[in-house]
Amino acid sequence: MIWDLHCHLSGVTGRTPAERMGRLIEIADRVGIERLCFYMGMTWTKEPTPEDLQKQNDEVLEALQHYHDRAFGFCYVSGDHVEKSLSEIERCIAAGPMVGIKLWVAHHCNDPAIDPIIRRAAELKAVIYQHTWLKTDGTTYPGESSPYDLVELAKRHPRTPLILGHTGGQWELGIRAVRAYPNVSIDIAGSDPTAGLVEMAVRELGAERVIYGSDCGGRSFASQIAKVHGAEISEREKRLIFKENLKRMLMPILKAKNVQV
Amino acid sequence: MIDVNVYLHRWPFRRVPGDEPEALVAKLRAAGVTQAWCGSFDALLHRDIAAVNSRLAVECRKFGPGFLEPFGAVNPTLPDWQDDIRRCQETHSMKGIRLHPNYHGYKLDDPRVVELLSAAAARKLLVQIAVTMEDERTQHPLVQVPHVDLAPLVAQLESLTALRVVVLNAFRGAKVDVVDKLASSRRAWFEIATKENVAGVEALVQQVGHERVLFGSYAPLFIHESAVWKLRESPLGGGQLEAIQTGNARQLIGAA
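Here we summarise the structure given alongside this text. Just so it is clear, the model here is predicted, and its values are computed rather than measured. (Residues numbered from 1 in each chain as written. Chains lettered and ligands numbered in written order. Predicted model: local features only at pLDDT ≥ 70, side-chain atom pairs only at ≥ 80, totals over all residues. Heavy atoms only, no water.)

### Considerations on the overall build of chain A
In step 1: For chain A, the helix and strand inventory stands at 9 helices and 8 strands.
In step 2: Expressed along its principal axes, the backbone C-alpha trace of chain A runs to roughly 45 × 40 × 40 Å.
In step 3: Counting only residues that meet the buried cut, chain A has 63% of its 261 residues in that class.
In step 4: Counting every atom, chain A has about 9400 Å² of accessible surface; 50% of that belongs to carbon and sulfur.
In step 5: Averaging the locations of the 32 positively and 34 negatively charged side chains of chain A gives two centres separated by 5 Å. (Helix = DSSP H or I, 4+ residues; strand = E, 2+ residues; numbered from the N terminus. Buried < 20%, exposed > 50% of the residue type's maximum accessible area, 1.4 Å probe, protein only. Areas by Shrake-Rupley, 256 points an atom, 1.4 Å probe, with all protein chains shown as cover. Lys, Arg positive; Asp, Glu negative; His and termini not counted. Charge placed at Lys NZ, Arg CZ, Asp CG, Glu CD.)

### What to know about the overall build of chain B
In step 1: Counting secondary structure elements, chain B contains 10 helices and 8 strands.
In step 2: For a compact globule of 256 residues, the expected C-alpha radius of gyration is about 18 Å, and chain B comes in at 17 Å, within 12% of that figure.
In step 3: The C-alpha extent of chain B, read off along each of the three principal axes, is 50 × 40 × 40 Å.
In step 4: The buried share among the 256 residues of chain B stands at 61%. (Rg over C-alpha atoms; globule rule 2.2 N^0.38 Å.)

### A look at the packing of aromatic side chains
Residue and element names in this part refer to chain B.
In step 1: Counted by the stated rule, this structure contains 14 aromatic pairs over all chains.
In step 2: Seen in terms of ring centroids, W37 and F71 are 5.2 Å apart; in terms of plane orientation they differ by 15°. Their pairing is stacked. Note that W37 is positioned in strand β2 (residues 35–40) and F71 in strand β3 (residues 68–73), a separation of 34 residues in sequence.
In step 3: Looking at F71, the relative accessible area reads 1%, which means it is buried.
In step 4: An aromatic cluster of three or more residues is present, and its members are Y7, W11, F13, F41, Y218 and F222.
In step 5: Above the ring of Y7, the side-chain terminus of R98 is found at 4.6 Å from the ring centroid. (Phe/Tyr/Trp six-rings, centres within 6.5 Å; stacked < 30°, edge-to-face > 60°. Lys NZ or Arg CZ within 6 Å of the ring centre and 35° of its normal.)

### Observations regarding the pairing of strand β1 (residues 2–7) of chain A
In the case of a regular strand, side chains alternate between the two sheet surfaces.
In step 1: Most of β1 of chain A sits inside the fold, with 6 of its 6 residues counted as buried.
In step 2: For the segment spanning β1 of chain A, helix α1 (residues 17–30) of chain A and strand β2 (residues 33–38) of chain A, crossover handedness is right-handed. (Right-handed = clockwise from strand over helix to strand, strands pointing away.)

### A few points about the sheet that holds β3 of chain B
Consider a sheet: its strands pair through backbone hydrogen bonds, and that pairing is either parallel or antiparallel.
Residue and element names in this part refer to chain B.
In step 1: Within the open sheet, the 8 strands sit side by side as β1-β2-β3-β4-β5-β6-β7-β8. Their pairing is parallel. Two strands lie at the open edges of the sheet, namely β1 (2–8) and β8 (213–214), each paired on one side alone.
In step 2: Helix-sheet contacts for helix α1 (residues 21–30) involve β1, β2 and β3, and the interaxial angle to β1 is about 165°. (Pairing = 2+ DSSP bridges. Contact = heavy atoms within 4.5 Å. Axes fitted to C-alpha atoms, helices over the stretch in contact; angles between N-to-C directions.)

### So, the interface of chain B and chain A
In step 1: Listed by partner, the interface residues are 30 residues for chain B and 39 residues for chain A.
In step 2: Ranking the residues of chain B by area buried against chain A places R137, V198 and W229 of chain B at the top, with a combined share of 26%.
In step 3: Our count for the chain B to chain A interface comes out at 3 salt bridges.
In step 4: Two residues, E172 of chain A and R14 of chain B, come together in a salt bridge whose shortest N-O distance is 3.5 Å. (Buried area = accessible area lost by both parts, 1.4 Å probe. Salt bridge = Lys/Arg side-chain N within 4 Å of Asp/Glu carboxyl O.)

### A closer look at the pairing of β1 of chain B
Residue and element names in this part refer to chain B.
In step 1: Among the 7 residues of β1, 7 are classified as buried, and the element is accordingly described as predominantly covered.
In step 2: Where β1 meets β2, 5 bridges bridge the pair, whose relative direction is parallel. Among the inter-strand pairings, I2 is bridged to a residue of β2, identified as Q35.
In step 3: As a crossover connection, the stretch from β1 through α1 into β2 is right-handed.

### Some remarks on the sheet that holds β2 of chain A
Residues and elements named next belong to chain A.
In step 1: An order of β1-β2-β3-β4-β5-β6-β7-β8 is seen for the 8 strands of this open sheet, with the pairing classed as parallel. For this open sheet the edge positions go to β1 and β8 (210–211), each flanked by a neighbour on one side alone.
In step 2: Alignment of strand β4 (residues 100–103) against strand β5 (residues 127–130), held across 4 bridges, turns out to be parallel. Note that in β5 the partner of I101 across the bridge is I128.

### Quick notes on the layout of surface pockets
In step 1: The computed volume of the largest pocket comes to approximately 550 Å³.
In step 2: As for the largest pocket, its lining consists of 25 residues, and the residues nearest its centre are W44, D215, G218 and R219 of chain A together with R137 of chain B.
In step 3: A breakdown of the residues in the lining of the largest pocket according to their chemical character gives 5 nonpolar, 10 polar and 10 charged.
In step 4: What the second largest pocket holds in volume is close to 360 Å³.
In step 5: As for the second largest pocket, its lining consists of 19 residues, and the residues nearest its centre are Q170 and E172 of chain A together with R14, E134 and T138 of chain B. (1 Å grid on protein atoms, 1.4 Å probe; cavity = no way out; pocket = protein on both sides within 12 Å on 5 of 7 lines; lining within 4 Å. Points joined across faces, edges and corners; volume = space filled by probe spheres on them. Nonpolar A, V, L, I, M, F, W, Y, C, P; charged D, E, K, R; others polar.)

### Looking at the pattern of salt bridges
All names here are of chain A.
In step 1: In total, this model carries 35 salt bridges over all chains according to the counting rule given.
In step 2: We note a salt bridge from E26 to R23, for which the minimum N-O separation is 3.6 Å. One end of the pair, E26, and the other, R23, are both in helix α1, 3 residues apart, so they sit about a helical turn from each other.
In step 3: Between R156 and D115 there is a salt bridge, with its nearest N and O atoms 2.8 Å apart. Of this pair, R156 sits in helix α5 (residues 147–156) while D115 sits in helix α4 (residues 115–123), placing them 41 residues apart in sequence.

### Topic: the packing of helix α8 (residues 221–229) of chain A against helix α9 (residues 235–256) of chain A
Residues and elements named next belong to chain A.
In step 1: The N-to-C vectors of α8 and α9 enclose an angle of 145°; their axes lie 9 Å apart at closest approach. For the pair α8 and α9, the contacting residues are I225, V228 and H229 in the first and K238, I241 and F242 in the second.
In step 2: Broken down by class, the residue content of the contact of α8 with α9 amounts to 4 nonpolar, 1 polar and 1 charged.

### Focus on the environment of F71 of chain B
In step 1: Distance from F71 of chain B to R232 of chain B, taken between C-alpha atoms, is 28 Å for residues 161 residues apart in sequence.
In step 2: Contacts of F71 of chain B, omitting those with residues within four sequence positions, involve W37, C38, G39, L56, M94, G96, I97, R98, L126, Q128 and I253 of chain B.

### A short note on helix α2 (residues 50–64) of chain A
Note on helix geometry: an α-helix contains 3.6 residues per turn, so any two residues three or four positions apart are oriented the same way.
Residue and element names in this part refer to chain A.
In step 1: With 15 residues, α2 extends 21 Å between its outermost C-alpha atoms, agreeing within 8% with the 21 Å of an ideal straight helix rising 1.5 Å per residue.
In step 2: The complete set of buried residues in α2 reads L53, Q56, N57, E59, V60, L61, A63 and L64.
In step 3: Where the residues of α2 are buried, they touch α1, β2, β3 (71–77) and α3 (82–94). (Expected span 1.5 Å × (residues − 1).)

Next up, the structure:
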């Protein structure tokens, strides 16, 4: 079975968060996905206000209500709004059911201003996910982090596990950028199913640092699952990537919350 | 299962698992593929297209006789491209050709394209057009290649009534309304290698009808399992699955 690190309530039909969650679970069942991690709401903006963060977290909380046995929530936070992010972490993680944080664009993650967010998430044992994309076509979003930004963050927090979203987009560079930083794992979600990505990641980082995610609903579960199923790696390595690595990262906070899996 | 979107030779920017023909053929056969329509990655940047097509034909015969179906490249910006199309059919017995307008530097409203498509239609050759070869965000910084604009193809299909086109790797670059118009012509088909979103094939079938959808993997650059799992991800009933996997492509190539 598969645990999916990277799911959204966008890119799928449904009028409410619950309807969209139901639709995604139905499709996930067809391809053997057991657990799904959700972050961000039904409508996104690249420079979210504090109110946007709260609203999108509310939508994820609503979606989770009937699916606690299948889905986990990550709290959407932003380096542009540190105080609001900290209060959302208290509301959604410390006092709520969420188990991780998601940092997207708008604020580069190498800025020490985000350190209070990282420290509080680490105290709560929350999984820390940072979107990254290195683009060659000039379409980088304002404040969009690169793998190099994440490396600066990783150097400041060497004992805090961090996840490099999308393997940095240009995965041949992303993998090399984080190779020397063992507290950084990579998320393979949200890119075309190009052959060789997972093989290089396993070769350079070890399978223990590679995590399956889809980036659904904008991406197909199938295309992302294929990156692992079709990779020329061992069955043990596939099990680590599909489930065991994410489960290992989540277990401390799940235990703290008395969540049985 | 007929895979209409496969490549031999080398992707120019990295070695890819399964890019040796023996390995590729073994992988496709193991997945249940009974025929694979093959182009050549060499055709993207090589100028000696005649040699590329000749190698493609020889290697298809050598490594997959009756299994690998070669689709030669034609570049209408090259001198005497007309002889390439003639050789594809008369020398190499190809059933179709594969065009890469973006890598070859022309638009589909170029007058030479009208001549090329007319010639292909007259010869009853299938025409495959590859819209995208790589996510534009990850292309090599020195080789930035835009998506192919398919809009002019709508008029070409209206005027050339014998023309049949298979659009490859359409869904990163093609506009929804253009796909709708091409599908309405009933002489354009779409394969699924770049179709994303959850249950994307189901959505594509709703958009263009299952008669217009073909199984394509874009192997070996894309992992072949991606296209296979997409069929599992979308509920396809009432003969739709068989049509997409095999029936539509068999009918197309049978008429070539």
